[in-house]
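Notes for the structure review
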Amino acid sequence: MPPTLASLVHHSALKLTVRAGGDRLDVPVRWAHVSELADPVPYMEGGELLLITALKLDAEDPEAMRRYVRRLAGAGVVGLGFAVGVNYEEIPEALVDAAREEGLPLLEVPRRTPFLAISKAVSAAIAADQYRAVTAGFAAQRELTRQAQTGGPEGLLAALAAQVDGWAALYDASGAVVATAPEWAGRRAARLTGDVQRLRDRPAPASSVVGGPENEDRVELHTIGTGRRPRAALAVGTAAALGTAERYAVHAAIALLTLTTERSRSLQAAEQRVGAAVLRMLLAGEPDHARAVAGDLYGGLLDAPFRMMVAERAPVSASAALARAEARPAAPADRPSAAALATADTAGDPLAALADVVESAAARAGEAVLVVPEGERLVVLAADGGAAAAACARYAAALEAARSGAREKTPGGDEDDLVVGLSAPAGPIAASAAYKQAEQALSVARRRGRVLVEHEQMAAGSVLPLLADDAVRAFADGMLRPLYEHDATGRGDLVASLRAWLSKHGQWDAAAADLGVHRHTLRYRMRRVEEILGRSLDDPDARMELWLALKATASE
């Protein structure tokens, strides 16, 4: 505890006497200051015990003393020490009455007690309090370190909550609550998720102080991690501002949590090499060897059906953006809160953002996930129906909705986009087939301008959206150009006639009726098509190619 007026009054060597404000002696004293100025307020910071002899004061003037004392109290001076036997044999009643009216503690300082003794007593008490705080801080660091070693982050949070006489919570990179101490603080911590997400967007390291939910407490938020993007966040809730010892404990917890959550780069690289080896063995058709290498790190992932994901970053052009606008389903009104995460993370590396989302979800659920960077790709093995696969789907949906709104404001701009292909559920034996399925779904996602496509979705709907490709349209334009050039001379409508004839499966009467011409006229036109193109319409491949070319150019 810092020194108080009460502790100074009880100091046996000072012999101080309380003349006013005896009910306010428990206030802390930040310093003892001597000033004989008529108005020392400009030089006060608040929390001082002001020592005077009234050398330049008319201490017997009641009105002057009321103004003087009122100014001191307004400046935050916590007490007034008056030396008797110097300029006044005893404290004038005008000053005593003014102090009583204002509620400012007034201490009588005997002549034999020099002001220097009071200043030394205050200084010594402050130093002793600081030493106690530092000693308590070091003890807290030792206890937090012990708990981190034996109980992990949960044990560390419990020790921190006890040290600050409050509660503590740990959040992951997405802002989700990972652990709290005590347990009752879980709901309170969850209500601060939005503040944690805003803190994550600031340059690291970052911290902020927020009012607790419903003004329940004072909460400090701190980012955890050494990189540009924080790996986690710590919340500490207390009834009042932290003291020196508590501040030491919080800083120690931040350092320990950083060591806990930020695995060494060598360990990360080693795990990544193991994951890459497991993936290569699975794709090579060696599931038994893959299990042996995976061990406890990824072994559980291979004991149940999993999904293979292949993700790439791809530049999106204006035409692709238009294709996406046509193919994208309407976003539901109750879009999950992951949209904030999507819009925040896509400002950086989209593959790293996806890896963070998947790994964070797997860590919260306690499930294994294999994430392997592969050049410009990211390959992920996640449990079918697990938290990681679900988080990927939610992230893709939120990302698509966020970018849809952005393109409505700024259409046609190029940007780094994320495309993901997701395989059907598979086992280790079928890993190679699952990888091919994910690649196929990735190709379809890129063509359709979608963020994520599942392999099961490829068989649904129409094949026609796949024709929205520049290479396909160039082929179609080249195939049909001679017919368009013929029609441009006004010598017949061969393109429309060919479309009608193919749509009626080569039925002359039905196609001629649609065109409003005689069937002999239609036969003549189809012979001209064969002559101009050099292709026989009796060839099913030619009919198929012509029909697809007509569909690919239908919107032009």
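Up top is the structure.
This structure is a prediction, so every number in the text was calculated from the model and none was measured. (Residues numbered from 1 in each chain as written. Predicted model: local features only at pLDDT ≥ 70, side-chain atom pairs only at ≥ 80, totals over all residues. Heavy atoms only, no water.)

Scanning the protein from N- to C-terminus turns up 19 helices and 15 strands. Expressed as a percentage of the 556 residues in the protein, the buried residues total 44%. In the protein, 63% of the contacts between residues at least 6 apart in sequence involve partners at least 24 apart. As presented, the protein carries roughly 27,500 Å² of accessible surface, and 53% of it is formed by carbon and sulfur atoms. (Helix = DSSP H or I, 4+ residues; strand = E, 2+ residues; numbered from the N terminus. Buried < 20%, exposed > 50% of the residue type's maximum accessible area, 1.4 Å probe, protein only. Contact = heavy atoms within 4.5 Å. Areas by Shrake-Rupley, 256 points an atom, 1.4 Å probe, with all protein chains shown as cover.)

Okay, the environment of Arg188 next. Mapping Arg188 onto the fold places it in helix 5 (residues 186–190). With 49 residues separating them in the primary sequence, Arg188 and Gly237 have C-alpha atoms 9.5 Å apart.

Attention now moves to the nonpolar core. By size, the foremost hydrophobic cluster in this structure holds 27 residues, and its most contacted members are Met309, Leu354, Val369, Leu378, Val380, Leu418 and Val420. Elements with a minimum of two residues in this core: strand 11 (306–316), helix 12 (350–365), strand 12 (369–374), strand 13 (377–383), helix 13 (387–409) and strand 14 (415–422). The dominant element in this core, judged by the number of residues it contributes, is helix 12, at 8 residues. Ala54, Ala64, Leu95 and Leu106 belong to the second-largest nonpolar core, a separate cluster that totals 26 residues. (Core = buried A, V, L, I, M, F, W, Y, C linked by side-chain atoms within 4.5 Å.)

Here we take up the sheet that holds strand 9 (residues 218–224). One open sheet holds the 5 strands; their spatial order is 7-6-10-9-8, and the pairing between them is antiparallel. Edge strands, defined here as strands with exactly one partner in the open sheet, are strand 7 (177–181) and strand 8 (207–211). Taking the axes of each pair of neighbouring strands and ignoring which way they run, one obtains an average angle of 20° across the sheet. One ladder, built from 4 bridges, connects strand 6 (residues 167–172) with strand 7; its direction is antiparallel. Paired with Leu170 across the bridge in strand 7 is Ala179. Running over the sheet, helix 6 (residues 193–200) touches strand 6, strand 8, strand 9 and strand 10 (232–238) and is turned about 40° from strand 9. (Pairing = 2+ DSSP bridges. Axes fitted to C-alpha atoms, helices over the stretch in contact; angles between N-to-C directions.)

What follows concerns the sheet that holds strand 5 (residues 106–109). Across a sheet, paired strands are connected by hydrogen bonds in the backbone, their directions being either parallel or antiparallel. An order of 1-5-4-3-2 is seen for the 5 strands of this open sheet, with the pairing classed as mixed. A single partner strand is all that each edge strand has here, and the edge strands are strand 1 (17–20) and strand 2 (31–34). For this sheet the average axis-to-axis angle between neighbouring strands, irrespective of direction, equals 30°. Across 3 bridges, the pairing between strand 1 and strand 5 is antiparallel. Of the residues in strand 5, the one forming a bridge with Thr17 is Glu108. Its contacts with the sheet place helix 3 (residues 93–102) against strand 1, strand 4 (79–83) and strand 5, and it is angled at close to 75° to strand 1. Contacting strand 2, strand 3 (48–52), strand 4 and strand 5, helix 4 (residues 115–164) runs over the sheet at an angle of about 160° to strand 2.

Helix length check: helix 18 (residues 519–533) (15 residues) gives 21 Å between terminal C-alpha atoms against 21 Å at 1.5 Å per residue, within 8%. Within helix 18, burial applies to Leu522, Arg525, Met526, Val529 and Leu533. The buried side chains of helix 18 occupy one side of the element, clustering within an arc of 100° when seen end-on. Within two residues after helix 18, Gly534 carries a phi angle of roughly 70°, on the positive side. (Expected span 1.5 Å × (residues − 1). Arc of directions from axis to C-beta.)

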